[in-house]
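Chain residues, written in single-letter form:
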Amino acid sequence: MCRFCCCTSSLYAQPHNRPAKHIFFIFLINRTGATCREQTTASVGPWEVVQRTLNGSQFYTYSICNVEEREQDNWLRTTFIQRHPLASRVFVELKFIVRDCNSFDGASLICKETFNLYTSESDADVGTTFRKSQFKKVATIAPDEITGKNEMHINTETRVVDGLSRKGFYLAFQDIGACIALLSVRVFYKTCPGTVQNLATFPETVAGAENQPLTEVSGVCVDNAASEELPRIYCTEEGKWAVQVGQCQCKPGYEEVKDTCQECRPGSFKAEASSDACEPCPANTDTLEHGAVLCACKDGFFRAPTDPSTGPCSGPPSAPRDLSAVPQPSVGRLILSWTPPEDTGGRNDITYSVECQRCDGVVCHPCGERVRYEPASMKLTEARVSVSELEAHLNYTFIVEAHSGVSQLAGEAQRPPSRSNVTIFLHYTGETSTSLALSWDVSPRPRPQLNIRYKLTYHKKDDNLDKTTYTVLTLDKNSAQIKDLAPGTAYLFRVQALGSDDNSEGSRMEEHFETLTEGTEQNPCTSFTSFMQMYGCFYLFIPFFFVFRKRNSHTRQGPEDTYFSTPEQLKPLKTYVDPHTYEDPNVAVLKFATEIHPSHITKQKVIGAGEFGEVYRGILKAPGRKEVAVAIKTLKPGYTEKQRQDFLSEASIMGQFSHQNIIRLEGVVTKFKHAMIVTEYMENGALDRYLRDHDGEISSFQLVGMLRGIAAGMKYLSDMSYVHRDLAARNILVNNNMECKVSDFGLSRVLEDDPEGTYTTSGGKIPIRWTAPEAIAYRKFTSASDVWSFGIVMWEVMAFGERPYWDMSNHEVMKAINEAFRLPAPMDCPSAVYQLMLQCWLQDRAKRPRFGDIVSLLDKLLRSPESLKTIADFDPRVSIRLPSTSGSDGSPFRSVSEWLESIKMSQYSENFTCAGIVTMEQVLQMKTEDIKNIGVRLPGHLKRIAYSILGLKDQTSTLSVFAV
Ligand code: AMP
């Protein structure tokens, strides 16, 4: 056994810089020395530490050179080399010089040029103990180049020692008779260096052994990165990383910056774990935070539920523009059209809804389900809708609203304007025409400084476009009378507002109208005129306010015409014939009325009770004619012949009339036991009740429209020299179109039929409140006395069916009239209308206007609705009368319900109680807004209550009637 000398000295040490290799040991080697010789098989000299100079630098080598002696077995062993627990495979790199055997003079055959490398594993340092048998041979080391006499060659050889498993090992070099100088021994194992790849950190890993060429290594995602699967990578036996599995990505709000995940900067975001960089916040969004996952919508902008949270935010659309309403009378509909909003809010899912309201003052009501929209009223994608089933004489407001996916999200408070309104009033006129009268107005009103002019262009609608002849008029007023038009021809009119420089200002509007065929019987039902008032909210600029009216050129009365007619204008068309002039009243009936066979009449329902019997609603189906709804007046059984004649006299009178505003007689049944009078059916019944039922719901404009109809009917009657004598709202009937028709004719009607009829000192039975003083005083019934009555009807209409002179007695009324007092203006009554009433109540009947004048004036007011805006003075103490200011005995009201009852508003008792308004003191504190808030919605009721409170505050309870 060789004893090992512990001649330890540093052989050689240097850092190993080659990549993927790892210097591990700076080590010492022991050399067998003489003392050990007996322990070795070697018989000649030991390894020596020799100082050498190589390339000018000095260093030490372990050398041996026993080339001339046989059977050399000289060992040189390292110190104990600790093994890295994972390094089962180490590399041994040797630098050495081997002398050419031939370089020795007389070189013997025993000279060797190789040496052997051995290794021995151990769990502990065994010190100098050396047992050759414990070493295993690793390799024979042969030089690539041997060193001759003159030159020196340093060889480098690397060998692998594999399969190591114990705590350490020794290396040993066996010389078998060569001349060797060992310059350095480097022992190392290979690792894959710790690395960050694709945002995963992998630790330094010892490269695998021969039987395990790839080492699988698990990694960890860097901070703020994540991976769905565990990141893995392989370390090759060469110490190189290969094939990474599992990708780490920066978490939401982070982006990759040089193998790290950094927070997104303010103004940018990242919604998902990905390899992408943070993106700038999309349109209308922002974030001030670092590491934003999403950008929040800026104020006023929203994301619809279906919008991606990473997308831009959008605002609600602005209002639809240029909303216009074009009536198409020929097909009974109205076309609403508009331009899409200027600002779509950045969206393309704009839809529109159209809402119809009937508005009066501050309160609006939905139009109900009757109004039809084509294609629909909601979710319209086109900027146009056709509206039909509108009724005449009603003020309609259409609200067109633009919607988008974010409209709902934009709360009411911050909702930007997205609605536009157009208000339209439609009515039928009683006149036909061969020429056309047009007037219009601009709304919103042009700026005052703007000297507005209008360009009116028209041409025949059906003209071949190439040959169309246009007529262009420039006007500085908003009306025109177009004459010399071809009969029965449609014309297209276009009105355009011009600025002071005659440049176009605002939008323009087109409409076509048709003249009547020559000789056509006037049928106002078929002449549909439109009266549109349009106004814009917000951005809306609605161009024109049109009054298109058609009438006969020969009856034209221009706006400049005087109110009161000249005698020549009052030529009757034909004269009414008093049935009394017929000896046999039955002959008169047959002359003026058509006999109907009772089998053609179907009675459906009792709708009223007249003096002579029940009144039914029913159906008339005459042979060869369409079914029509009719009212059937019956004569009750047990009548006398006188009663029968009186009953039928109404038909004799009615049958002589043919006017849009006079109830039309369909016919009579006289040849059968049960006599009947059949008239057109008026769906809304008597006007007084109708007004009371719609208190406050009808605009002044519409009320005036109704009065105009009554006046036209009365003009017709007066032109026929017929004096009605009992003109009152209860004797006016209203149809579905809010058209008013005068009814209740007959010889004895006032005496027999009218509950208002009162016997006067002159013996007659007279409806005192409606009757002119001269008729009361000395039975002077004339058209002028009918005009007085018409004035009272005007008051009834404007006061929504209020009883004239309230609960004053007939005697008090007559006394007041004789003392020159007159009814005061009803609440909200246009001044011009009240002035006309006062004219009708002139004591001197000759000075009262004629019905023709009244029709003209009302027409003029209707053509200029502005003229209705000036409201007559209203004194709540008078118009709401005593009960509004105190109890009937003049004392203050004891309870809220007593007060409400006195002003006929008992229906709101519960509203007051529920709102906790239980004392009159509380009532006195109420403002209009409070009244509205407790649920009083109808403007008329609102005003009645508000005015009553006003009067209560005043505490004046004098009844006065205006003096003329
Ligand atoms: P009169 O006998 O004409 O006063 O009619 C009595 C009631 O019958 C009236 O007050 C109306 O309510 C109703 N009435 C009469 N004529 C008609 C009609 N043509 N259409 C509808 N209702 C009518």
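The rules behind these values
Residues numbered from 1 in each chain as written. Predicted model: local features only at pLDDT ≥ 70, side-chain atom pairs only at ≥ 80, totals over all residues. Heavy atoms only, no water. UniProt positions renumbered as here; feature names shortened; annotations may be inferred. Near = heavy atom within 4 Å. Polar contact = N/O pair within 3.5 Å; in protein donor to acceptor, adjacent residues only side chain to side chain. Areas by Shrake-Rupley, 256 points an atom, 1.4 Å probe, with all protein chains shown as cover. Helix = DSSP H or I, 4+ residues; strand = E, 2+ residues; numbered from the N terminus. Nonpolar A, V, L, I, M, F, W, Y, C, P; charged D, E, K, R; others polar. Buried < 20%, exposed > 50% of the residue type's maximum accessible area, 1.4 Å probe, protein only. pLDDT = per-residue confidence, 0-100. Contact = heavy atoms within 4.5 Å. Disulfide = S-S within 2.5 Å. Salt bridge = Lys/Arg side-chain N within 4 Å of Asp/Glu carboxyl O. Phe/Tyr/Trp six-rings, centres within 6.5 Å; stacked < 30°, edge-to-face > 60°. Lys NZ or Arg CZ within 6 Å of the ring centre and 35° of its normal. Pairing = 2+ DSSP bridges. Axes fitted to C-alpha atoms, helices over the stretch in contact; angles between N-to-C directions.

- Per an unreviewed UniProt entry, the protein chain goes by the name receptor protein-tyrosine kinase and belongs to Oreochromis niloticus.
- What the UniProt record of the protein chain gives under Subcellular location (unreviewed entry) is the line "Cell membrane".

1. Overview of the site of the ligand
- In the vicinity of the ligand, the contacting residues are Ile607, Gly608, Gly610, Val615, Ala631, Lys633, Ile663, Thr679, Glu680, Tyr681, Met682 and Leu733.
- Between the ligand and Thr679 there is a distance of 3.1 Å, counted from a nitrogen atom to a side-chain nitrogen or oxygen.
- Measuring from a nitrogen atom of the ligand, one finds a backbone N or O atom of Met682 at 3.0 Å.
- Protein chains shield 83% of the accessible area of the ligand, which is 470 Å² for the free molecule.
- When contributions to the shell around the ligand are tallied by element, the ones reaching two or more residues are strand E46 (601–609), strand E48 (628–634) and strand E50 (676–680).
- For the shell around the ligand, the class distribution of residues is 7 nonpolar, 3 polar and 2 charged.

2. Re the UniProt feature "binding site: ATP" (unreviewed entry) in the protein chain
- Mapped onto this structure's residue numbering, the UniProt feature "binding site: ATP" (unreviewed entry) falls at Ile607, Gly608, Ala609, Gly610, Glu611, Phe612, Gly613, Glu614, Val615 and Lys633. The largest pairwise C-alpha distance within this set of annotated residues, which runs over 27 residues, is 14.0 Å, so the set is compact in three dimensions.
- Of note, Ala609 is situated in strand E46.
- The class for Ala609 is exposed, based on a relative accessible area of 73%.

3. So, the confidence of the model for the protein chain
- Averaged over all residues, the pLDDT of the protein chain equals 77, while 75% of them reach at least 70.
- With pLDDT under 50 throughout, residues 424–432 is counted as low confidence; its partners more than four residues away or in other chains account for 62 contacts.
- When the criterion is pLDDT under 50, residues 880–890 qualifies, and its contacts beyond four places in sequence or with other chains add up to 37 contacts.

4. Quick look at the state of the cysteines
- Here the structure, examined in full by the defined rule, presents 8 disulfides.
- Each sulfur of the disulfide joining Cys250 and Cys261 lies 2.0 Å from the other. On the sign convention where negative means left-handed, the S-S torsion of about -90° between Cys250 and Cys261 marks this disulfide as left-handed. With a gap of 11 residues between them, Cys250 in strand E23 (residues 249–250) and Cys261 in strand E25 (residues 260–263) connect regions that are remote in the sequence.
- Judged by relative accessible area, Cys261 falls into the buried class, the value being 7%.

5. Considerations on unusual backbone geometry
- Here Glu374 and Pro375 are connected by a cis peptide whose omega angle stands at 10°.
- By the secondary structure assignment, Pro375 is in the loop between strand E34 (372–374) and strand E35 (384–388).
- Positive phi, normally seen in glycine, also occurs at Asp322, with a value near 50°.
- One can find Asp322 in strand E30 (residues 321–328).
- Not every positive phi belongs to a glycine, and Lys379 is a case in point at roughly 50°.
- As for its placement among the helices and strands, Lys379 is situated in the loop between E34 and E35.
- Judged by relative accessible area, Lys379 falls into the exposed class, the value being 70%.

6. Brief notes about the pattern of salt bridges
- Scanning the model with the defined rule gives 27 salt bridges in all.
- Between Glu216 and Arg232 there is a salt bridge, with the nearest N and O atoms lying 3.7 Å from each other. Of this pair, Glu216 sits in strand E18 (residues 214–218) while Arg232 sits in strand E21 (residues 232–236); the two residues are 16 residues apart in sequence, bridging distant segments of the chain.
- Glu216 gets classed as partly exposed once you look at its relative accessible area, which sits at 42%.
- Classification of Arg232 by relative accessible area gives partly exposed; the value is 22%.
- Among the salt bridges present, the one from Asp719 reaches Lys715, with a minimum N-O distance of 2.9 Å. With Asp719 and Lys715 both in helix H5 (residues 700–719) and 4 residues apart, this pair spans about one turn of that helix.
- Taking relative accessible area as the criterion, Asp719 reaches 11% and is therefore assigned buried.

7. What about the packing of aromatic side chains?
- Inspection of every chain in the model, using the stated rule, returns 20 aromatic pairs.
- Judged by centre distance (4.6 Å) and plane angle (55°), the ring pair of Trp75 and Tyr118 falls under tilted. Of this pair, Trp75 sits in strand E6 (residues 74–78) while Tyr118 sits in strand E9 (residues 115–122), placing them 43 residues apart in sequence. When sorted by exposure, Trp75 lands in the same class as Tyr118, which is buried.
- Three or more aromatic residues joined by ring pairs make a cluster, and in this case those are Tyr576, Phe657, Tyr716, Tyr722 and Phe745.
- Here Arg730 stacks its cationic end above the ring of Trp770, 4.1 Å away from the centre of that ring.

8. Looking at the sheet that holds E50
- Taken in spatial order, the 5 strands of this open sheet run E46-E47-E48-E50-E49, and their pairing is antiparallel. Here the strands that pair on one side only, and so sit at the sheet edges, are E46 and strand E49 (665–669). Within the sheet, the average angular offset between the axes of one strand and its neighbour, ignoring direction, is 25°.
- As paired elements, E49 and E50 share 4 bridges and run antiparallel to each other. Across the sheet, the residue bridging to Leu665 is Thr679, located in E50.
- Sheet strands touched by helix H3 (residues 641–654): E48, E49 and E50. Its angle to E50, the strand with the most contacts, is close to 35°.

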